[in-house]
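Each chain, written out:
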Amino acid sequence: GDPGISAFPGESLLRWTGTIQGPDESVYAGKTYKLSITFPADYPYSPPTITFASPIFHPNVDQNGAICLDILQDKWSAIYNVRTTLLSIRSLLTDPNNASPLNTMAAPSGATKRSSVWRWTSGTSRMKSSPRVRNFLVSQFIRVFSVAKE
């Protein structure tokens with residue numbers, strides 16, 4: 001298999017569990033994220049529904065884990081499979097689509113893009129702030145996310 005991704009059937013053949021490891025060149029490095037994959041009855045002609053089951057702070061993932069990725073919507077093709085779809089989602093972690101943010105809190109705005117806490121440059125996501133500030137912001141996000149889930 002491909003390093004950094006995995007998928008296997010769960011409670012049925014139409015409901016799988018996937019995992020994605022945060023790419024080394026991203027703020028997600030060292031973390032493993034669990035995904036829920038649900039296949040429609042007409043798969044592969046329609047895309048699976050894939051959501052992050054693990055919390056993640058990303059411009060293209062909302063607080064419920066829904067993913068904004070063109071191949072999971074209007075750009076789906078029957079040539080895609082679980083492997084290529086998970087690789088695309090993993091790639092999204094280092095190269096977010098800021099033109100179509102699902103989580104506007106995580107996306108830099110046009111006017112403040114250079115001065116925002118999150119700085120997306122040359123396909124690599126990096127925190128612009130110090131590790132202390134980054135850890136504080138991540139802990140605050142996790143605290144807010146945990147309260148919202150309860």
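Reading the values: rules and limits
Residues numbered from 1 in each chain as written. Predicted model: local features only at pLDDT ≥ 70, side-chain atom pairs only at ≥ 80, totals over all residues. Heavy atoms only, no water. Helix = DSSP H or I, 4+ residues; strand = E, 2+ residues; numbered from the N terminus. Buried < 20%, exposed > 50% of the residue type's maximum accessible area, 1.4 Å probe, protein only. Contact = heavy atoms within 4.5 Å. Expected span 1.5 Å × (residues − 1). Polar contact = N/O pair within 3.5 Å; in protein donor to acceptor, adjacent residues only side chain to side chain. Phe/Tyr/Trp six-rings, centres within 6.5 Å; stacked < 30°, edge-to-face > 60°. Pairing = 2+ DSSP bridges. Axes fitted to C-alpha atoms, helices over the stretch in contact; angles between N-to-C directions. Salt bridge = Lys/Arg side-chain N within 4 Å of Asp/Glu carboxyl O.

## Looking at the overall build of the protein chain
For the protein chain, the count of helices and strands is two helices and six strands. In sequence order, the protein chain lays out its α and β elements as β-β-β-β-α-β-β-α. When the 150 residues of the protein chain are sorted by exposure, 35% land in the buried category. Long-range contacts, defined as pairs at least 24 residues apart, comprise 49% of the intrachain contacts of the protein chain with a sequence gap of at least 6.

## Focus on helix H1 (residues 82–94)
Taking 1.5 Å per residue, 13 residues should reach 18 Å; H1 reaches 19 Å between its end C-alpha atoms and fits that length. For H1, the side-chain oxygen to backbone nitrogen distance between the N-cap and Arg83 is 3.0 Å, and the N-cap itself is Asn81.

## Notes on the environment of Asn97
Structurally, Asn97 can be placed in the loop between H1 and strand S5 (118–121). Asn97 gets classed as partly exposed once you look at its relative accessible area, which sits at 35%. Look past the residues within four positions of Asn97 in its chain and what remains in contact with it is Asn60 and Leu92.

## A look at the packing of aromatic side chains
Counting across every chain of the model gives six aromatic pairs. Ring plane angle 75° and centroid distance 6.1 Å describe the contact between Tyr28 and Tyr33, whose orientation is recorded as edge-to-face. Considered together, Tyr28 and Tyr33 belong to a single accessibility category, that of buried residues. Ring plane angle 40° and centroid distance 6.1 Å describe the contact between Tyr43 and Trp76, whose orientation is recorded as tilted. Linking Tyr43 in the loop between strand S3 (32–38) and strand S4 (49–52) with Trp76 in the loop between S4 and H1, this pair joins segments that are 33 residues apart in sequence. Through successive ring pairs, a cluster of aromatic residues spans Trp16, Phe39, Tyr43, Trp76 and Tyr80.

## Some thoughts on the sheet that holds strand S2 (residues 15–21)
The strand order across the open sheet formed by four strands is S1-S2-S3-S4, and the pairing between neighbours is antiparallel. With one partner strand each, in any of the chains shown, strand S1 (5–12) and S4 form the two edges of the open sheet. Each strand of the sheet is rotated relative to its neighbour by a mean of 25°, with strand direction disregarded. Pairing of S1 with S2 involves six bridges; the strand directions are antiparallel. Its bridge partner lying in S2, Ser12 is registered against Arg15. In the packing of H1 onto the sheet, the strands contacted are S1, S2, S3 and S4, and the crossing angle to S1 comes to about 120°.

## Some thoughts on the pattern of salt bridges
Applying the stated criterion to the full structure yields two salt bridges. One salt bridge in this structure joins Glu11 and Arg15, with 3.0 Å as the shortest N-O distance. The exposure class of Arg15 is partly exposed, given its relative accessible area of 35%.

Treat this as a map of the structure, not an account of what it does.
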